[in-house]
Amino acid sequence: MNDTDSTDKVLSAYIDSRTQHLDSYPDVVRKAVDTIVGQGVSPRLKLGVALSELITLVSHLRKPIVLFDGTLVPVNAISVILSPSGSSKDKSMNTVRKALLGSYTKLEALRKQYAVDKARELANLNGDNPENYERYYEKPIPLQSGLGTPEGITNHLAGLSAKPLGAGSFSCSELAAEMQTNGSFTEIVKILSVGYDLGDVPVKVIKSSENQTSGVTGMPINGLLFGSFDTILYQQDVKNKFKLLFNTQLARRSLFVFTPEVPYRVPVTSIDELYTIRNREREQVLHAQRTLAELTDSLVDNTTQEPMALDQAAEKLFDVYQEFNSVRSDRGSNRYPISKLSRKHKQWLAMKVAAAYSILAGENTVTEECYAYAINTVELLSGDLKEFELELAKDQHENLVGYCKLIAENGISIVSMHELRKLGYISGTGASKSKVDEIAALANSYDKDGSYAVLNGGIEYSELVKSKSVGVSHIVFGDDKKDKEFKAYAQDKCYEGYEFEEDMQFADLEELLGMNAAFSPFLFTDGKRSKDNVEGGTGLLVLDIDEGNMTDEEVHLLLDSMLHYVVRSSDPDNAYKYRVILSLDID
């Protein structure tokens, strides 16, 4: 065991001793997760949404973390959630927010009261009756916002920071579309990322003084970026932009959720069964919403803005987790730089999650238990980023295979030349046929379960369906002729009259091979054997060996790992003259 392994073992043992007896997250998070129901909604998607919404609620209260050197760190989260279309991302978010409505109502009442008090002060300063405050009243800025523009986001944050409550909370429902259509998206992500750390957004000096943005200090900034992953993975320019943004901004800062599984439907056998399932879901939601509302009811009333430090045990666990992440990051593969960078900084991600857990629990410090819960939560989601980066790291032909399977209907899809260029698989303006041929050949070599053929300049994908049966055309003759006499007879009579058996088991070929029969692995039109009459393909490869360099027994041993037959043909005494029948696609 080397020094690194020894260190890793010591660190892991300490972390395990603090975390293994705890669930992946505290009960308040579980109740938020339970408010989300729906057929096929991924548990990790539910968790990602629940975490984002709970941390965002806490962040509006402006209770920061204070580090040992006096640095104030806001409690906030940037969440990136990628899942298939139709997986109830927005619906899940709205469901959790509804359960937190009581806390938001209290929060809004305090914000409005502050605005009223401020308007009364302004009325008094202007020599007006404070009861006439309406003309000085400034409506609180909405807490939730879309992405908009960099200047709009900075001004929105500046407006919020001038008031005592409220945090920046920005969301988008389709990340890939923003990357494609919003020319300022990279700058927006930079603002969110830089602001995430300490809540500071520097002043951006611009030429037009009336559009000058203000700087922001100590402001919690949250982001919830939903998206479908297909465009990110399969469109090369979007994929490259995503990799750049994560490498430079989001890898170390985001709670990342990747749920590629397609939503499923629970099969039902009767209307009563369906109604029972729906009733059970409704009861679960109502119970979870009531419980979550109770757990967060006193949050706004009892949370002060006094900064919270890590208690001594939590600080020690932070130090151990930081060293653990450093060791694991250094051992990580450079082929996956996003995961490597993310691992390096997970202790900071966990610290913000732990602070949110502590505030939700009514604590005045970040406790060891809450930090241990946060480690469990962060580790639960840590595999998602690595899994997604494995997809990002695939070569073009590997991505093409995934795209063809994604859009296939009944096992078939066609990607035209226009689409190949648009998606970035074929670049340049020169001759493209050789490029299409090359990527189709690479796809065929990579995917053993599909066929990729060049068709009209594009590529046609067909799923190869494996089965335990084969189709065989055959004619069975009488037993009155043997050996060379039978061979001459069969050659004269084997051109028509074939019967096709579609679902013959491979094992049943043995019986056919022992009979006086002619057979072919193809279906022939009207049972007439000719090249022009062949219909479809075959699951068998048939080789006639007349003068082999190996005996039939040697070939049999060579093909031992494959489904096959080796049968002597017209001369039963000649070990070098035989027929080999191989199964092409049978497991």
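Residues numbered from 1 in each chain as written. Predicted model: local features only at pLDDT ≥ 70, side-chain atom pairs only at ≥ 80, totals over all residues. Heavy atoms only, no water.

K.L.:
Just to check I follow, could you spell out the overall build of the chain for this structure?
P.N.:
Counting secondary structure elements, the chain contains 22 helices and 18 strands. Expected size for 587 residues packed as a compact globule is a radius of gyration near 25 Å; at 34 Å, the chain overshoots this value by more than 25%. The principal-axis extent of the C-alpha atoms belonging to the chain is close to 125 × 55 × 55 Å. Within the chain, the fraction of its 587 residues that count as buried is 45%. Of the contacts made within the chain by residues no fewer than 6 positions apart, 73% connect residues no fewer than 24 positions apart. Of the roughly 29,800 Å² of accessible surface on the chain, 50% is carried by carbon and sulfur atoms. (Helix = DSSP H or I, 4+ residues; strand = E, 2+ residues; numbered from the N terminus. Rg over C-alpha atoms; globule rule 2.2 N^0.38 Å. Buried < 20%, exposed > 50% of the residue type's maximum accessible area, 1.4 Å probe, protein only. Contact = heavy atoms within 4.5 Å. Areas by Shrake-Rupley, 256 points an atom, 1.4 Å probe, with all protein chains shown as cover.)

K.L.:
What exactly am I supposed to notice about the sheet that holds strand β18 (residues 578-583) here?
P.N.:
Backbone hydrogen bonds are what pair the strands of a sheet, in a parallel or an antiparallel way. The 3 strands lie next to each other as β16-β18-β17, forming an open sheet whose pairing is antiparallel. Whereas interior strands pair on both sides, the edge strands pair on one side only; in this sheet they are β16 (540-545) and β17 (564-568). Taking the axes of each pair of neighbouring strands and ignoring which way they run, one obtains an average angle of 15° across the sheet. Sheet topology note: the β16/β18 ladder contains 6 bridges and is antiparallel. Within the sheet, the bridge partner assigned to L543 lies in β18 and is V580. (Pairing = 2+ DSSP bridges. Axes fitted to C-alpha atoms, helices over the stretch in contact; angles between N-to-C directions.)

K.L.:
How should I be thinking about the confidence of the model for the chain in this particular structure?
P.N.:
Caution is warranted with low-pLDDT regions, since their predicted coordinates should not be read in detail. For the chain, per-residue confidence averages 87 on the pLDDT scale, and 93% of positions sit at 70 or higher. When the elements of the chain are averaged for pLDDT, helix α20 (residues 483-493) gives the smallest value, 71, and helix α15 (residues 346-360) the largest, 97. (pLDDT = per-residue confidence, 0-100.)

K.L.:
How should the pattern of salt bridges be read in this particular structure?
P.N.:
Opposite charge on two side chains permits them to pair, given that their charged atoms come into close proximity. This model, assessed by the stated rule, comprises 23 salt bridges. Notably, a salt bridge pairs R253 with D197, separated by 2.8 Å at the nearest N-O pair. In this pair, R253 sits in the loop between α10 (236-250) and β7 (254-258) while D197 sits in helix α8 (residues 185-198), placing the two residues 56 residues apart along the sequence. A relative accessible area of 5% means that R253 is categorised as buried. Notably, a salt bridge pairs R278 with E281, separated by 3.6 Å at the nearest N-O pair. In this pair, R278 and E281 are both assigned in helix α11 (residues 271-295), 3 residues apart and thus about one turn of the helix distant. (Salt bridge = Lys/Arg side-chain N within 4 Å of Asp/Glu carboxyl O.)

K.L.:
How should the pairing of strand β9 (residues 450-455) be read in this particular structure?
P.N.:
Side-chain positions along a regular strand alternate between the two faces of the sheet. Pairing of β9 with strand β10 (residues 458-463) involves 6 bridges; the strand directions are antiparallel. By the bridge assignment for β10, L455 is matched with G458. Counting the residues between successive antiparallel strands, the hairpin from β9 to β10 contains 2 residues, one of them, N456, with a positive phi of roughly 50°.

K.L.:
Is there a simple way to think about a nonpolar patch on the surface in this case?
P.N.:
A cluster of nonpolar residues, L541, L543 and L584, forms a patch on the protein surface that exposes about 240 Å² of accessible area. Judged by its relative accessible area of 51%, L584 is exposed. (Patch = residues over 30% accessible without salt bridge, like charges linked within 9 Å, V, L, I, M, F, W, Y side chains within 5 Å.)

K.L.:
Just checking my understanding: could you explain the nonpolar core for this structure?
P.N.:
Considering soluble globular proteins, one finds that nonpolar side chains tend to be buried as a cluster. One finds L82, L175, I232, F242, Y371 and F388 to be the most contacted residues of the largest nonpolar core, which totals 127 residues. With 11 residues, helix α16 (residues 368-392) is the largest single contributor of residues to this core. Not counting chain neighbours up to four residues away, the residues in contact with Y371 comprise A314, L317, F318, Y321, Q347, A350, M351 and A354. (Core = buried A, V, L, I, M, F, W, Y, C linked by side-chain atoms within 4.5 Å.)

K.L.:
Help me out: how do you make sense of the sheet that holds strand β6 (residues 221-227) in this one?
P.N.:
Spatially, 5 strands are ordered β4-β5-β6-β3-β7 in an open sheet, and the strand pairing comes out parallel. The open sheet has two edge strands, β4 (144-145) and β7, and neither has a second partner. The pairing of strand β5 (residues 168-172) with β6 spans 5 bridges and is parallel. When the sheet's bridge partners are listed, S171 is paired in β6 with L224. Of the strands in this sheet, β3 (78-82), β4 and β6 touch helix α4 (residues 89-99), which is tilted by about 145° from β6. Helix α6 (residues 150-161) rests against β4, β5 and β6 of the sheet, and its axis sits at about 150° to β5.

K.L.:
Looking at this structure, how should I read the environment of G70?
P.N.:
With respect to the element layout, G70 can be found in the loop between β1 (65-66) and β2 (72-73). Each C-alpha atom, one on G70 and one on P307, is 9.7 Å from the other, the two residues being 237 residues apart in sequence.

K.L.:
I'm lost on the packing of aromatic side chains in this one. Help?
P.N.:
Two measures describe an aromatic ring pair: the distance that separates the ring centres and the angle between the ring planes. Scanning the model with the defined rule gives 13 aromatic pairs in all. Ring geometry for F242 and F388: centres 5.4 Å apart, planes at 70°, overall edge-to-face. A residue pair is termed long-range when its members are at least 10 positions apart, and F242 in helix α10 and F388 in helix α16 qualify at 146 residues. This pair shows no difference in class: F242 is buried, exactly as F388 is. On the basis of an interplanar angle of 70° and a centroid distance of 5.1 Å, the ring pair of F318 and W348 is categorised as edge-to-face. Taken as a pair, F318 in helix α13 (residues 312-331) and W348 in helix α15 lie far apart in primary sequence, 30 residues in all. Looking at W348, the relative accessible area reads 34%, which means it is partly exposed. A network of ring pairs unites the aromatic residues F229, F242, F246, F256, F258 and F388 as a single cluster. (Phe/Tyr/Trp six-rings, centres within 6.5 Å; stacked < 30°, edge-to-face > 60°.)

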